[in-house]
Amino acid sequence: MRLQRVSDYLWEIPREGGMKVPGRVYSDGMPAPDDPALQQVANVAFLPGIVRYSLAMPDIHWGYGFPIGGVAAVDGERGAVSPGGVGYDINCGVRVVATRLEAAELRPHVHAVTAQLYRDIPTGVGSSHAIPKLTEAEMDAVLSKGARWAVGRGYVAGSDDLEHCEEGGRLAGADPSCVSARARQRGSDQLGTLGSGNHFLEVDRVAEVYDPAVAEAFGLRLGQVAVQIHSGSRGLGYQVCDEALAELTPTMARYGPEYAAIPDPQLACAPIGSPAGQRYLGAMMAAANFAWANRQVMTGLTVRALCHALGLSEREIGARLVYDVCHNVAKVEEHLVEGRPRRLLVHRKGATRAFGPGDPRVPAAYREVGQPVLIPGDMGRYSYVLAGTARAMEETFGSSCHGAGRLLSRHQALRLARGRSITRELKDKGIEVISRGKKTLGEEMSEAYKDVARVVAVMAGAGISRLVARLDPMGVIKG
Amino acid sequence: MRYALPQPYREIPHTADVGVAVEGASAEEALARLVLALSALLAGGGAVPVEREEEVEVPAGPDPAQTAVALLRELLFRFATEHLLAGACEVLRLDRSGARLRVGFGRYHPERHAEGADVKAVTYHGARFERSGEAWRAQVLLDI
């Protein structure tokens with residue numbers, strides 16, 4: 001793959017062949033030209049209606065169709081919507097819940113807290129029944145109301161949870177009637193469950209504050225206990241994506257030569273205005289709402305688990321949602337393109353919205369400083385809280401990285417973990433971890449991931465996000 | 001011919017997820033081994049005693065690889081919703097109209113299969129099902 005340096009942190013894949021725009025990759029050095037993810041950046045540039053660039057964040061790695069860490073904005077009317085540009089885990093995302101607790105006070109109770117969280121929040125393969133199975137009517141309400149459904153049933157951190165979710169925890173374009181019986185069946189007993197793979201729930205401490213003024217605006221201070229929850233739309237979202245791909249893969253060529261030229265079946269797409277495109281968008285947005293409800297239920301279960309394990313009241317825990325961001329979603333957003341506002345459909349596949357100061361779509365409490373951008377790392381090191389910038393609005397359609405990005409395949413990681421106790425190694429570092437299976441711990445160990453500090457440094461160096469605070473894990477539950 | 005776990009398969013290196021590749025002397029053998037490779041991943045190498053037999057049928061995709069993906073998608077749905085794993089299978093028909101198999105299902109057991117992978121989906125990316133010399137080769141990438 002041919003690469004041209006644009007700046008210290010930005011590399012361009014020149015437009016060639018069927019690419020409609022160039023590719024642009026954020027990286028702290030020239031990306032390895034043979035990285036298959038770069039070919040995927042070039043492939044995404046074939047999407048009908050794509051605007052400006054096919055973008056890749058510094059945590060880019062090889063995905064399906066789209067690279068993970070990819071951003072593609074298409075014209076909101078004439079562009080194509082690609083289920084592969086959202087991914088299987090629709091609205092996989094992360095939230096940070098701050099508390100009034102001090103890390104030093106919590107330290108002696110970390111094992112008890114982690115064990116309680118593990119008991120109360122189902123994890124692992126096919127995890128289910130955190131709450132009673134949803135009836136059809138309840139499922140419809142979840143799919144249309146998102147986080148609001150869970151808040152209405154008492155699953156809350158503070159009084160302003162909904163204001164502190166991207167999009168208020170609900171995409172208004174959701175159409176529950178587009179979600180199939182099969183997708184509903186996969187999701188009906190999974191609300192409030194973590195799942196497995198890279199999903200996690202962590203009890204963290206605020207270990208470093210880089211920007212005290214912004215940290216204060218976000219309600220974060222040194223030594224404070226916070227909880228991070230990383231999960232998505234579970235089986236319901238997987239099924240929505242799976243069915244859309246099965247429909248579009250064999251039929252997309254009928255939309256014309258631009259569609260027939262798409263180089264990877266996993267990039268299957270349809271015109272936004274087509275019946276298939278509209279059906280997918282309605283179902284995808286409903287699945288995104290399911291994911292918000294899922295994280296919101298887990299938030300309520302977390303607060304109750306903290307109360308139970310520590311013998312404190314909800315008031316003493318003082319939980320408050322800092323923010324909740326999506327990693328896998330396509331949303332209609334207005335952005336300035338060549339100085340003019342344009343309505344775009346922005347696909348973020350393993351990327352985080354990172355709107356800057358002054359944007360009316362940022363909650364009022366954070367509007368002066370830019371939205372919180374939550375970047376989980378790996379379970380043995382740290383995660384970051386960043387803030388969106390005006391530069392992100394200019395260069396990346398207000399998008400930033402979403403995590404560390406994998407360095408080793410799961411197979412390689414397991415080989416490296418052979419003969420080791422990852423649980424013991426983490427305990428020696430002061431981190432309690434409880435997981436359903438040993439295999440997950442091997443696959444998810446620190447060495448399997450890039451150092452997220454380097455990833456966020458690229459975003460900060462490029463001016464796409466500002467460093468605000470670092471969160472270090474104290475207790476982790478995994479699937 | 002009926003095939004039962006374990007059957008040979010190879011994991012394809014993939015940064016974030018897992019791919020499986022199989023070979024067979026015939027298209028039917030390759031398809032049966034692909035089905036059982038998915039089960040082997042889901043079961044984490046744990047045994048899958050067959051409890052019941054069922055026929056599973058999928059229509060043909062635009063090419064043989066997409067037919068194979070369609071079959072694995074169906075079996076993954078059965079796993080996700082009924083916790084059923086294919087412990088054995090026989091390809092009854094594989095032609096231009098699709099695939100029909102007799103599948104011996106066993107049940108997922110959280111302890112016996114604790115090391116199993118949480119497969120979210122069967123992808124089309126890099127999917128292959130083709131003749132290669134005397135053998136048939138098939139592969140799929142699975143989203144974990």
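What you see is a predicted model, and the numbers here were worked out from it, not measured in a lab. (Residues numbered from 1 in each chain as written. Chains lettered and ligands numbered in written order. Predicted model: local features only at pLDDT ≥ 70, side-chain atom pairs only at ≥ 80, totals over all residues. Heavy atoms only, no water.)

## Considerations on the pairing of strand β6 (residues 98-107) of chain B
Residues and elements named next belong to chain B.
Reasoning step 1: Along β6, seven of the ten residues are buried, which leaves the element largely enclosed by surrounding structure.
Reasoning step 2: When strand β5 (residues 84-95) meets β6, the two strands line up antiparallel, connected through ten bridges. Along β6, the bridge assignment pairs Leu84 with Arg107.
Reasoning step 3: Following β5, the chain reverses through two residues before pairing antiparallel with β6. (Buried < 20%, exposed > 50% of the residue type's maximum accessible area, 1.4 Å probe, protein only. Helix = DSSP H or I, 4+ residues; strand = E, 2+ residues; numbered from the N terminus. Pairing = 2+ DSSP bridges.)

## Considerations on the environment of Ser27 of chain A
Residue and element names in this part refer to chain A.
Reasoning step 1: Structurally, Ser27 can be placed in the loop between β3 (23-26) and α1 (36-44).
Reasoning step 2: For Ser27, a relative accessible area of 13% corresponds to the buried category.
Reasoning step 3: Along the sequence, Ser27 and Trp11 sit 16 residues apart, while their C-alpha atoms lie 7.2 Å from each other.
Reasoning step 4: With near-sequence residues (within four places) excluded, Ser27 lies in contact with Asp8, Tyr9, Leu10, Trp11 and Val458.
Reasoning step 5: At 2.5 Å, the side chain of Ser27 forms a polar contact with the backbone oxygen of Gly29. (Contact = heavy atoms within 4.5 Å. Polar contact = N/O pair within 3.5 Å; in protein donor to acceptor, adjacent residues only side chain to side chain.)

## Some details on the interface of chain A and chain B
Reasoning step 1: At the junction of the two partners, chain A supplies 38 residues and chain B supplies 33 residues.
Reasoning step 2: With both sides pooled, the region where chain A packs onto chain B buries about 3,100 Å², and carbon together with sulfur makes up 55% of that total.
Reasoning step 3: Broken down residue by residue, the surface that chain A buries against chain B is led by Trp62, Tyr64 and Val125 of chain A, which jointly contribute 23%.
Reasoning step 4: The interface formed by chain A and chain B contains two salt bridges.
Reasoning step 5: For Asp242 of chain A, the salt bridge goes to Arg73 of chain B, with nearest N and O atoms at 2.7 Å.
Reasoning step 6: Here chain A and chain B share 16 residue pairs in polar contact (both at pLDDT 80 or more) between them.
Reasoning step 7: Residue assignment for the side of chain A that touches chain B shows that the elements contributing at least two residues are α6 (181-187), α8 (234-248), α13 (410-417) and α15 (438-443) of chain A.
Reasoning step 8: Of the residues forming the side of chain A that touches chain B, the biggest block, seven residues, is contributed by α8 of chain A. (Buried area = accessible area lost by both parts, 1.4 Å probe. Salt bridge = Lys/Arg side-chain N within 4 Å of Asp/Glu carboxyl O.)

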